[in-house]
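Understanding the architecture of this molecule
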Amino acid sequence: MGVLDSFGALVGSIVASLVLLVFAILSFFVTVFIVQAGAGLAGYSPSGDFVALSAAILATGAIVGGASPMMGLSSTDE
């Protein structure tokens, strides 16, 4: 049964990767909307490539920040 367990872990890993990729793409689209709306409220009209660049930087920062472990902040060593 070792082969079937390994295959199940592989399939689970692929499904998890696909779900995370879909969430990353959705997060990018939402960030594009937020950047474009914020620029409009500030009175700016940036071109689409600057909106996409800033949304990509913000989405990347959010994904990397969410993936980093927070164990260093909860240290109780005295």
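Just so it is clear, the model here is predicted, and its values are computed rather than measured.

A few words now on the packing of aromatic side chains. Both the distance between ring centres and the angle between the ring planes are used here to describe each pair of aromatic rings. Scanning the model with the defined rule gives one aromatic pair in all. Taken together, a centroid distance of 6.1 Å and an interplanar angle of 50 degrees make the contact between Phe28 and Phe29 tilted. Judged by its relative accessible area of 53%, Phe29 is exposed.

Between helix H1 (residues 2–41) and helix H2 (residues 48–67), whose axes approach to 8 Å, the crossing angle comes to 130 degrees. One finds that H1 runs oblique with respect to H2. The handedness of the crossing between H1 and H2 comes out as right-handed. Of the residues in H2, those in contact with Ala24, Ser27, Phe28, Thr31, Val32, Val35 and Gln36 of H1 are Val51, Ala52, Ser54, Ala55, Ala56, Leu58, Ala59 and Ile63. When its residues are assigned to classes, the contact of H1 with H2 shows 11 nonpolar, four polar and no charged.

Right, let's talk about the environment of Pro46 for a bit. Structurally, Pro46 is set in the loop between H1 and H2. We classify Pro46 as partly exposed; its relative accessible area is 40%. Along the sequence, Pro46 and Val35 sit 11 residues apart, while their C-alpha atoms lie 9.8 Å from each other. Excluding anything up to four places from it in sequence, Pro46 contacts Ala39 and Val51.

Moving on, we come to the side chain of Thr31. Within the fold, Thr31 resides in helix H1. Overall, Thr31 belongs to the buried group, its relative accessible area being 14%. A polar contact of 2.6 Å, which involves the side chain of Thr31, links it to the backbone oxygen of Ser27. Non-local contacts of Thr31, meaning those with residues more than four positions away in its chain, are made with Ala55, Leu58 and Ala59.

Cut-offs used in this document
- Residues numbered from 1 in each chain as written.
- Predicted model: local features only at pLDDT ≥ 70, side-chain atom pairs only at ≥ 80, totals over all residues.
- Heavy atoms only, no water.
- Phe/Tyr/Trp six-rings, centres within 6.5 Å; stacked < 30°, edge-to-face > 60°.
- Buried < 20%, exposed > 50% of the residue type's maximum accessible area, 1.4 Å probe, protein only.
- Axes fitted to C-alpha atoms, helices over the stretch in contact; angles between N-to-C directions.
- Helix = DSSP H or I, 4+ residues; strand = E, 2+ residues; numbered from the N terminus.
- Parallel < 35°, antiparallel > 145°, perpendicular 65-115°, else oblique.
- Left-handed = near helix turned anticlockwise from the far one by under 90°.
- Contact = heavy atoms within 4.5 Å.
- Nonpolar A, V, L, I, M, F, W, Y, C, P; charged D, E, K, R; others polar.
- Polar contact = N/O pair within 3.5 Å; in protein donor to acceptor, adjacent residues only side chain to side chain.

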